[in-house]
Amino acid sequence: RIDDNVRLLRAMHPQIVIGDHPCDQFMIELVRCHEASWLNRFVGACNDQKRELDRCLRADKARKVKRSVAQAREKRRQWEEACRERGIG
């Protein structure tokens, strides 16, 4: 059954590699909930799984943004240092 869930996730989001994404378990749980009954997605039976997935995705994005900002600041520092060494600006 997990193979079916992985197949569905890849069909919905082909860029996600199961096993490499920090939230993949939450994604699988949401797909399983949706597949348990067609009615689940319409009556809110999967809302808890969806909230957990949203929370995980927000935290993952925050980590990526923090890392990106740190890298940009380091590149900026290197650029400014190179400019000072060359007497530019």
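Residues numbered from 1 in each chain as written. Predicted model: local features only at pLDDT ≥ 70, side-chain atom pairs only at ≥ 80, totals over all residues. Heavy atoms only, no water.

1. Observations concerning helix α2 (residues 24-36)
Here comes step 1: For α2, with 13 residues, the first-to-last C-alpha span of 18 Å sits near the 18 Å given by 1.5 Å per residue.
Here comes step 2: All buried positions along α2 are accounted for by Asp 24, Met 27, Ile 28, Leu 30, Val 31 and Cys 33. (Helix = DSSP H or I, 4+ residues; strand = E, 2+ residues; numbered from the N terminus. Expected span 1.5 Å × (residues − 1). Buried < 20%, exposed > 50% of the residue type's maximum accessible area, 1.4 Å probe, protein only.)

2. A few points about helix α4 (residues 47-86)
Here comes step 1: With 40 residues, α4 extends 58 Å between its outermost C-alpha atoms, agreeing within 8% with the 58 Å of an ideal straight helix rising 1.5 Å per residue.
Here comes step 2: Three or more residues of α4 are buried, namely Leu 53, Cys 56, Asp 60 and Cys 83.
Here comes step 3: Buried-residue contacts for α4 involve α2.
Here comes step 4: Where α4 terminates, the next one or two residues include Gly 87, which has phi positive at roughly 75°. (Contact = heavy atoms within 4.5 Å.)

3. Remarks on the side chain of Asn 40
Here comes step 1: Tracing the backbone shows Asn 40 in helix α3 (residues 40-43).
Here comes step 2: Sequence-distant contacts of Asn 40, defined by excluding residues within four places in its chain, comprise Cys 33, Ala 45 and Cys 46.

4. Side note on the packing of α2 against α4
Here comes step 1: Axis separation between α2 and α4 bottoms out at 9 Å; the angle between their running directions is 160°. Here α2 lies roughly antiparallel to α4, going by the angle between them. As for how α2 packs across α4, the hand of that crossing is left-handed. Each of Phe 26, Met 27, Glu 29, Leu 30 and Cys 33 in α2 lies in contact with α4, whose residues at this interface are Gln 49, Lys 50, Glu 52, Leu 53, Cys 56 and Leu 57.
Here comes step 2: Considering only residue class, the contact of α2 with α4 consists of seven nonpolar, one polar and three charged. (Axes fitted to C-alpha atoms, helices over the stretch in contact; angles between N-to-C directions. Parallel < 35°, antiparallel > 145°, perpendicular 65-115°, else oblique. Left-handed = near helix turned anticlockwise from the far one by under 90°. Nonpolar A, V, L, I, M, F, W, Y, C, P; charged D, E, K, R; others polar.)

5. Things to note about the nonpolar core
Here comes step 1: Listed in full, the seven residues of the largest apolar core are Cys 23, Met 27, Leu 30, Cys 33, Cys 46, Leu 53 and Cys 56.
Here comes step 2: For this core, the elements supplying multiple residues, two or more each, are α2 and α4.
Here comes step 3: A total of three residues in this core trace back to one element, the largest contributor, which is α2.
Here comes step 4: Once you skip the residues sitting within four places of it in the chain, Leu 30 turns out to touch Cys 46, Gln 49, Lys 50 and Leu 53. (Core = buried A, V, L, I, M, F, W, Y, C linked by side-chain atoms within 4.5 Å.)

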